[in-house]
Number of protein chains: 2
Amino acid sequence: MRKVAVLGIGQIKVDEHWDKSLREIGGEAAFLAMQDAGMEKVDALYVGNMLSSMVSGQNQLGTFFGDWIGLWKQEAVKAEAACGSGAAAFRSALMAVASGDVESALVLGVEKMTDKAGRDVTAALATAADADYELEQGVSFVGINALVMRRYMHEFGWKHEDFAPFSINAHANAMHNPYARLREKVSVEKFERSSMVATPINLLDASPVGDGAAAAIIVPAEKVLRKPKVVVAASASATDSIAVHSRKDPMFLNAAYLSSRRAYEMAGVTPEDIDVFELHDAFSIMAALSLEACGFAERGQGVRLGLDNQIHPKGRIPVCTRGGLKARGHPVGATGMYQILEVVQQLRGECAQTQVDGMQIGMAQNIGGSGATILTHILKLES
Amino acid sequence: MRKVAVLGIGQIKVDEHWDKSLREIGGEAAFLAMQDAGMEKVDALYVGNMLSSMVSGQNQLGTFFGDWIGLWKQEAVKAEAACGSGAAAFRSALMAVASGDVESALVLGVEKMTDKAGRDVTAALATAADADYELEQGVSFVGINALVMRRYMHEFGWKHEDFAPFSINAHANAMHNPYARLREKVSVEKFERSSMVATPINLLDASPVGDGAAAAIIVPAEKVLRKPKVVVAASASATDSIAVHSRKDPMFLNAAYLSSRRAYEMAGVTPEDIDVFELHDAFSIMAALSLEACGFAERGQGVRLGLDNQIHPKGRIPVCTRGGLKARGHPVGATGMYQILEVVQQLRGECAQTQVDGMQIGMAQNIGGSGATILTHILKLES
């Protein structure tokens, strides 16, 4: 397996881009990545997307974007794993370059969510859950997560306000990220006063959707002269049942446990070595569960890392350093690529006020469904 | 790059499976493949599918099927390239096994098309075309192909009945394939009398949709003791503009040309060495264009191979030996895997009345959109 490096990155602000189409937002991120990499052409294009067939009436997004950005002949394909589509596309590209069959690849995570009414987007997002065994019961996607959060609070004795630090940290970091959707400060009071979405999940527990696109160029590491050089140290994917009620323990993200353990092993590191963890905080409960499953906290104690002030950029395990899903925004199929780009930015030292000191190793974890498909990538600096 | 072998295959009849769900048809094919391979577990699952989010309200099909068939922890992902999704999933799996990161993979092409009304399925299929520049003009997917066929007839001087041999051959072969949807004989008279769909494409020029699922297990070739041993000699993918009107020449499948040339080179063969060509005859015009682009006929002369009786199982270049899209059926996201399975069956000598003599090398070509994404795989026997 060839070692692979990330040569260039490009992203747009997560926002309601009413004036731009799916085509345009994806194209912008792709061109920025190619410009950053100093390349005009790549061998293959991998697109991560979840909703375009339902929201934009467009499938075949690999070829669609190849067409738009002038890669008229190259291989192209779309990978889909619900909200885990971005990292799934990254891993597909990685396998192709690692195998030796592809010499350079553009990976694009893209989602246009504002071209349909909110209720249609909610219905489209619900395709991430189990249509037969969850949706048929009338439970929405946020409803499923609310049931998990309620049970967690009951089981481990936490109050709702104990989750506030996740939201506060994400929003504080997003204020320094020009690509973040929400750039406003949150306090414990504001967190507690926020409108309820599905008890106990309120608006400040939940990530906002939005239009977004983030892209990277990957090539064999041995071909990269650029410094700092960011290489992919590990890539792993694991799954769980789609329906949360089918799991032995709905409060343990077994797929996060499995994919992070495999990634640590591949990279030859332990949780202590991770300088930044871009986790999938679609809801604040997911931040806590991710920290636990990946070995940063004991069962039921993920919340404590926030309360102990350990998750900010100078803390023991910085998370959501660019705003996370909560404040950078969650354009579902694009999110996994935003996370990977944010780790690259940390490794390159491009994060200004939220830069983590002494960055050597960063981890990005993207989740499809409520913990159903979980992909973990570890990136590091190589001299 | 490690050499990869196809260890097991499984398929169900393409049909209107009113009594079975998406879950059930995919599961059946997957279990048959695992049984054929003598394996109870694989490392990873790759699913090819185009329509499930729109037709069945279900996304994240990789994990969905992992869940259903008992692969609760393994990596899983969906690949989508419209009607080319089946081969796209196969190629994704191939890259992962070839890279050395995955030791065994299940590839499943699956499509459930009968759970919605016909007009909804037609709308869902239209997402394969360019939503902004084709569909907005009001042209349907079959309409786009009809325009190409009309131009081809005009340009090269063929009559409609000259295309009859493609349909006749496909139907004749399907009569011996228990998995084929249409098993009835077609004559030139019947072909010419068939109902018009979009002039000049009539019902016997067009492939029927249907519910279908076809699966294969792939592993590193060096681990396979089973005889006959079927290995993947080449895999290549190429693209063209999605909108047919954007192409310099709408009657030349440039992506088929590029991917077949690359595949011939990888396998070290020429068109003369191909014993069977499972081509993508979604419409009879596509059969002619594929034969031309892949080097079996001169420009405008693909039709002649049919008229000269060269495409049946004892002819110079047997095509659609199990019925092709025309008569086996075209369950869109599953089709690419049916094609690969049919080449495997020919190589194993399992095709009885339509068995090609002296099988050594077979080619399968799967197309997404009207020639937009084209994947070519060459499989061969290895002693």
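Located above this text is the structure these notes cover.
Comments concerning the packing of helix 4 (residues 85-99) of chain B against helix 13 (residues 332-348) of chain B
Residues and elements named next belong to chain B. The interhelical angle for the contact between helix 4 and helix 13, taken along N-to-C directions, is 65°, at an axis separation of 5 Å. In this structure, helix 4 contributes Ser85, Gly86, Ala87 and Phe90 to the contact, and helix 13 contributes Gly333, Gly336, Met337 and Ile340. Of the residues that constitute the contact of helix 4 with helix 13, the class distribution is four nonpolar, four polar and no charged.

Notes on the nonpolar core
Within the largest apolar cluster, 152 residues are counted, with the highest numbers of intra-cluster contacts made by A:Phe163, A:Ile378, B:Phe163 and B:Ile378. Apart from residues no more than four positions distant in its own chain, B:Ile378 is found in contact with B:Val231, B:Val232, B:Ala233, B:Ala234, B:Ala263, B:Tyr264, B:Ala267, B:Val269, B:Ile274, B:Ile361, B:Gly362 and B:Met363. Residues A:Ile340, B:Val42, B:Leu341 and B:Ala372 belong to the second largest nonpolar core, which totals 144 residues.

Side note on the relation of the copies chain B and chain A
The two copies are related by a screw operation: chain B maps onto chain A through 180° of rotation and 0.0 Å of translation along the axis, at an RMSD of 0.0 Å. Look at the turn and shift together and you get a two-fold axis relating the two. For chain B, the smallest separation between a C-alpha atom and the rotation axis is recorded for B:Ser99, amounting to 1.9 Å. An overlap of 100% is found between the interface residues of chain B and their copies at the interface of chain A, pointing to a shared contact surface.

Quick look at helix 10 (residues 284-293) of chain A
Residue and element names in this part refer to chain A. Burial analysis of helix 10 places ten of its ten residues in the buried class, the great majority of the element. All of the buried residues along helix 10 are Ser284, Ile285, Met286, Ala287, Ala288, Leu289, Ser290, Leu291, Glu292 and Ala293. In this structure, the buried side of helix 10 is in contact with helix 6 (141-156), helix 7 (164-174), helix 9 (254-267), strand 9 (276-278), helix 11 (302-307) and strand 10 (361-368).

Examining unusual backbone geometry
Here A:Thr199 and A:Pro200 are connected by a cis peptide whose omega angle stands at 0°. By the secondary structure assignment, A:Pro200 is in the loop between strand 5 (196-198) and strand 6 (201-202). The phi dihedral of B:Cys320 is positive, around 50°, even though this residue is not glycine. By the secondary structure assignment, B:Cys320 is in the loop between helix 11 (302-307) and helix 12 (324-327). Classification of B:Cys320 as buried rests on a relative accessible area of 2%.

The rules behind each value
Residues numbered from 1 in each chain as written. Chains lettered and ligands numbered in written order. Predicted model: local features only at pLDDT ≥ 70, side-chain atom pairs only at ≥ 80, totals over all residues. Heavy atoms only, no water. Axes fitted to C-alpha atoms, helices over the stretch in contact; angles between N-to-C directions. Helix = DSSP H or I, 4+ residues; strand = E, 2+ residues; numbered from the N terminus. Contact = heavy atoms within 4.5 Å. Nonpolar A, V, L, I, M, F, W, Y, C, P; charged D, E, K, R; others polar. Core = buried A, V, L, I, M, F, W, Y, C linked by side-chain atoms within 4.5 Å. Buried < 20%, exposed > 50% of the residue type's maximum accessible area, 1.4 Å probe, protein only. Least-squares fit on C-alpha atoms with pLDDT ≥ 70 in both.

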